[in-house]
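Chain residues, written in single-letter form:
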Amino acid sequence: MRVIGQRVRHVDWRAVTSGAASYADDEAHPGALVAGVLRSPHPHARIVSIRTDRARAVPGVQAVLTAADVPDRTYLDYRVPDQDRRILAEDVVRHVGEAVVLVAAESAEALDAALAAVDVRYAPLPAPTTVEAAHSPRAAVLHPGRGETNVASTVTRSLGTDPAQAAPGGHRVRRRYRSSYQSHVTMELHTVVAHWRADEQRLHVWAPSQNPRLIQRDLAQLFGLDVAAVRLHELTVGGDFGGRTQISSTEALVCALSIATGRPVKLRPSRAEEFAFTKYRVPWDITLEAECDDDGRVTTLQASFDIDNGAYNQAAPGEMAYGATALASSYRWQGYRAGGRCVYTAKTPSSSFRGAGGYAVTWALECAVDGLAERAGWDPIDFRLRNAVADPGVGRTAERACAAWEHGTHPLPGNHWKVFATSGLVRAALDELFGGAR
């Protein structure tokens with residue numbers, strides 16, 4: 001109880017603020033090699049040939065790897081049915097920046113010379129770079145082995161009364177909402193160091209992550225190792241925001257080079273590479289149709305949405321499934337129908353970001369609820385209190401909170417009533433706000 005009401009500094013405060021904290025880029029290992037990646041310049045193309053002989057002949061080059069030199073396994077990523085991503089592109093590249101060739105060298109100069117000496121011949125293919133283009137009947141299918149269209153996965157939800165059979169009358173709004181791409185922009189670049197110790201038969205990895213166990217699991221299965229043979233070393237992490245929840249496309253590249261050379265290897269991307277080739281927030285295109293009766297009670301909600309998946313599955317299919325549930329979880333809808341598609345496009349794959357799966361649908365839903373309240377002639381806060389998933393009759397705490405928001409005395413500034421009811425995660429907050437009543 002000595003810490004209650006006291007100022008308590010984070011456990012890493014002194015190390016971080018003094019500069020003593022150790023990040024991946026601080027790792028210095030004797031005999032370490034520098035790594036580089038030759039990436040696709042095309043959004044969609046067939047790899048005709050790869051010649052690496054001139055690159056291998058560059059003095060100081062210790063390894064040049066193509067898909068033929070790494071295990072032919074897919075990442076575990078988020079869900080077993082979605083696995084479609086390999087360490088290196090084999091026959092086809094599906095987005096600009098997809099890794100094609102890896103190089104490890106004694107110096108940055110040797111590395112640059114080797115990368116310039118690799119000769120990759122491509123046959124460009126039509127590239128559906130937008131969801132609209134990917135849906136076209138004439139669109140090139142990015143993963144023909146997974147289906148005849150560019151739909152990576154679908155989701156449906158059906159609860160309560162079918163909106164199509166609901167009684168007419170009341171008030172209705174129908175609106176479309178599009179969320180944007182967004183980069184995590186962590187202060188620390190996604191530098192990775194790996195060292196395969198043949199004497200230990202163990203792979204050592206230094207990589208920023210909020211979930212090292214998942215990286216350990218994925219690296220073990222990619223390289224056919226026991227989980228105990230992969231050791232993730234503890235580091236300070238210079239930002240995350242969801243971009244380091246799961247394995248990225250960097251760790252396995254460095255590990256492959258270290259296994260090939262038996263030496264420590266470091267890959268440090270530039271800020272431009274970080275922006276161009278790493279994960280970003282999943283973009284949604286959502287259409288909502290919401291209805292309420294003349295008494296201000298919500299009745300039905302219909303939703304349809306497309307999600308820009310990028311070229312490979314990472315978090316988007318799972319986020320879509322969660323978002324489809326979250327949409328119906330905040331208000332007392334009598335009927336709910338939703339249908340969504342996760343769509344392959346010839347772009348860098350999208351993945352987790354803060355509020356994963358809840359951000360876009362919550363924003364869209366609350367905007368629609370604003371519109372519905374206005375259409376029905378209700379104050380937006382009163383409308384939410386009337387329809388939130390909790391007993392609106394137990395409202396002293398809620399009334400005080402809303403009065404504070406309305407009169408500007410709440411300690412948090414801004415129009416916070418707009419996020420009064422958020423995604424499915426809000427139920428716990430509403431339980432507390434309304435005294436846990438049902």
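Residues numbered from 1 in each chain as written. Predicted model: local features only at pLDDT ≥ 70, side-chain atom pairs only at ≥ 80, totals over all residues. Heavy atoms only, no water.

Visitor: What is the right way to read the side chain of His 44 from this model?
Guide: Examined against the element boundaries, His 44 turns out to sit in the loop between β1 (33–39) and β2 (45–51). Among the residues examined, His 44 registers a relative accessible area of 5% and is labelled buried. Of the polar contacts made by the side chain of His 44, one reaches the backbone oxygen of Pro 126; its length is 2.6 Å. (Helix = DSSP H or I, 4+ residues; strand = E, 2+ residues; numbered from the N terminus. Buried < 20%, exposed > 50% of the residue type's maximum accessible area, 1.4 Å probe, protein only. Polar contact = N/O pair within 3.5 Å; in protein donor to acceptor, adjacent residues only side chain to side chain.)

Visitor: So what exactly am I meant to see when it comes to the environment of Glu 132 here?
Guide: For Glu 132, the position within the fold is in helix α4 (residues 131–135). In this structure Glu 132 comes out as partly exposed when scored by relative accessible area, which is 47%. Taking the C-alpha atoms as reference, Glu 132 lies 9.5 Å from Asp 306; in sequence the two are 174 residues apart. Residue contacts for Glu 132: discarding those within four places in its chain leaves Arg 176, Arg 178 and Asp 285. (Contact = heavy atoms within 4.5 Å.)

Visitor: Would you mind showing me how to read empty space enclosed by the protein here?
Guide: One simple way to see leftover space: roll a probe sized like a water molecule over the atoms. Throughout the structure, instances matching the rule amount to three cavities of 30 Å³ or more. Counted as a void, the largest cavity has a volume near 390 Å³. Along the walls of the largest cavity sit 30 residues, with Ser 248, Ser 249, Phe 277, Thr 278 and Lys 279 positioned nearest its centre. A class-by-class count of the residues in the lining of the largest cavity yields 10 nonpolar, 12 polar and eight charged. (1 Å grid on protein atoms, 1.4 Å probe; cavity = no way out; pocket = protein on both sides within 12 Å on 5 of 7 lines; lining within 4 Å. Points joined across faces, edges and corners; volume = space filled by probe spheres on them. Nonpolar A, V, L, I, M, F, W, Y, C, P; charged D, E, K, R; others polar.)

Visitor: In this structure, what is going on with the pairing of β2? I would like to understand it.
Guide: Consecutive residues of a regular strand have side chains that alternate between opposite faces of the sheet. Looking at chain direction, β2 and strand β4 (residues 92–93) are connected through two bridges and run antiparallel. By the bridge assignment for β4, Arg 46 is matched with Val 92. In the sheet, β2 pairs with strand β6 (residues 119–124) via six bridges, with the strands oriented antiparallel. Looking across to β6, one finds that Ala 45 is bridged to Pro 124. (Pairing = 2+ DSSP bridges.)

Visitor: Which parts of the structure should I look at to understand the packing of aromatic side chains?
Guide: Any pair of aromatic rings gets described here by the distance separating the centres and the angle formed by the planes. The final tally for this structure, using the stated rule, is three aromatic pairs. Between Tyr 177 and Trp 363, the ring centres sit 5.6 Å apart and the planes meet at 75 degrees, which makes this aromatic pair edge-to-face. In this pair, Tyr 177 is assigned in strand β8 (residues 171–178) and Trp 363 in helix α9 (residues 359–376), connecting sequence segments 186 residues apart. Overall, the relative accessible area of 8% leaves Tyr 177 in the buried class. Using a relative accessible area of 34% as the deciding quantity, one classes Trp 363 as partly exposed. (Phe/Tyr/Trp six-rings, centres within 6.5 Å; stacked < 30°, edge-to-face > 60°.)

Visitor: I tried to follow the pairing of strand β9 (residues 192–197) on my own but got confused; where do I start?
Guide: Burial analysis of β9 places five of its six residues in the buried class, which makes it a mostly covered element. As defined by bridge partners, β9 adjoins strand β12 (residues 265–267) across three bridges and the pair is classed as antiparallel. Each residue of the ladder has a partner; that of Ala 194, found in β12, is Val 265. Strand direction decides the pairing type here: β9 and strand β10 (residues 202–206), joined by five bridges, are antiparallel. Note on β10: the bridge partner recorded for Val 193 is Trp 206.

Visitor: Looking at this structure, I do not really get the sheet that holds β10. What am I missing?
Guide: Either a parallel or an antiparallel arrangement is found when strands of a sheet pair, and the pairing is made through backbone hydrogen bonds. Within the open sheet, the seven strands sit side by side as β3-β5-β1-β12-β9-β10-β11. Their pairing is mixed. Looking at strand neighbours, the two that pair on one side only are β3 (61–65) and β11 (230–232), the edges of this open sheet. Neighbour-to-neighbour, the strand axes of the sheet open up by a mean angle of 20 degrees, direction not taken into account. For β10 and β11, the ladder comprises three bridges, and the chain directions are parallel. Looking across to β11, one finds that Val 205 is bridged to Leu 232. (Axes fitted to C-alpha atoms, helices over the stretch in contact; angles between N-to-C directions.)

Visitor: I keep staring at helix α10 (residues 380–387) and nothing clicks. Help me out?
Guide: Residues lying three or four places apart along an α-helix face the same way, a consequence of the helix completing one turn every 3.6 residues. Most of α10 is tucked away, with six of its eight residues classed as buried. For α10, every residue scored as buried is listed here: Ile 381, Phe 383, Arg 384, Leu 385, Arg 386 and Asn 387. Of the residues flanking the start of α10, the one acting as N-cap is Asp 379, its side-chain oxygen 2.9 Å from the backbone nitrogen of Ile 381.

Visitor: Any chance you could explain the pattern of salt bridges here in plain terms?
Guide: Opposite charge on two side chains permits them to pair, given that their charged atoms come into close proximity. Per the stated rule, a full pass over the model turns up 19 salt bridges. In this structure, Glu 289 and Arg 174 form a salt bridge, with 3.0 Å as the shortest nitrogen-oxygen distance. Taken together, the residues Glu 289 in strand β13 (residues 284–292) and Arg 174 in strand β8 connect sequence positions 115 residues apart. What makes Glu 289 buried here is its relative accessible area of 14%. Arg 174 sits in the exposed class, given a relative accessible area of 55%. (Salt bridge = Lys/Arg side-chain N within 4 Å of Asp/Glu carboxyl O.)

Visitor: Can you walk me through the packing of helix α5 (residues 212–222) against helix α6 (residues 251–261) in this structure?
Guide: The description of two helices packed together rests on the angle between their axes and the distance between the axes. Two elements in contact, α5 and α6, have axes separated by 11 Å at closest approach and are oriented at 45 degrees. As the angle between them shows, α5 and α6 are arranged oblique. Both α5 and α6 take part in a crossing whose hand is right-handed. Seen from α5, the contacting residues are Ile 215, Leu 219 and Leu 222; seen from α6, they are Glu 251, Ala 252 and Cys 255. Of the residues belonging to the contact of α5 with α6, the class tally is five nonpolar, no polar and one charged. (Parallel < 35°, antiparallel > 145°, perpendicular 65-115°, else oblique. Left-handed = near helix turned anticlockwise from the far one by under 90°.)

Visitor: Where do I start with a nonpolar patch on the surface in this structure?
Guide: Together, Val 3, Ile 4 and Val 8 give the surface a local cluster of nonpolar side chains, amounting to about 300 Å² of exposed area. Summarising the element assignment, Ile 4 is placed in the segment before α1 (13–18). (Patch = residues over 30% accessible without salt bridge, like charges linked within 9 Å, V, L, I, M, F, W, Y side chains within 5 Å. Areas by Shrake-Rupley, 256 points an atom, 1.4 Å probe, with all protein chains shown as cover.)

Visitor: Would you mind going over the sheet that holds β8 with me for this structure?
Guide: Reading across the sheet, the five strands line up as β7-β15-β14-β13-β8 and stay open at both edges, with mixed pairing between neighbours. Only two strands of the sheet have a single partner each, and these edge strands are β7 (151–160) and β8. If you compare each strand with its neighbour and ignore which way they point, the axes differ by 5 degrees on average. With nine bridges connecting them, β7 and strand β15 (residues 335–344) associate as antiparallel partners. Each bridged residue has a counterpart across the sheet, and for Thr 154 the counterpart in β15 is Arg 341. Helix-sheet contacts for helix α8 (residues 316–326) involve β7, β13, β14 (298–310) and β15, and the interaxial angle to β7 is about 15 degrees.

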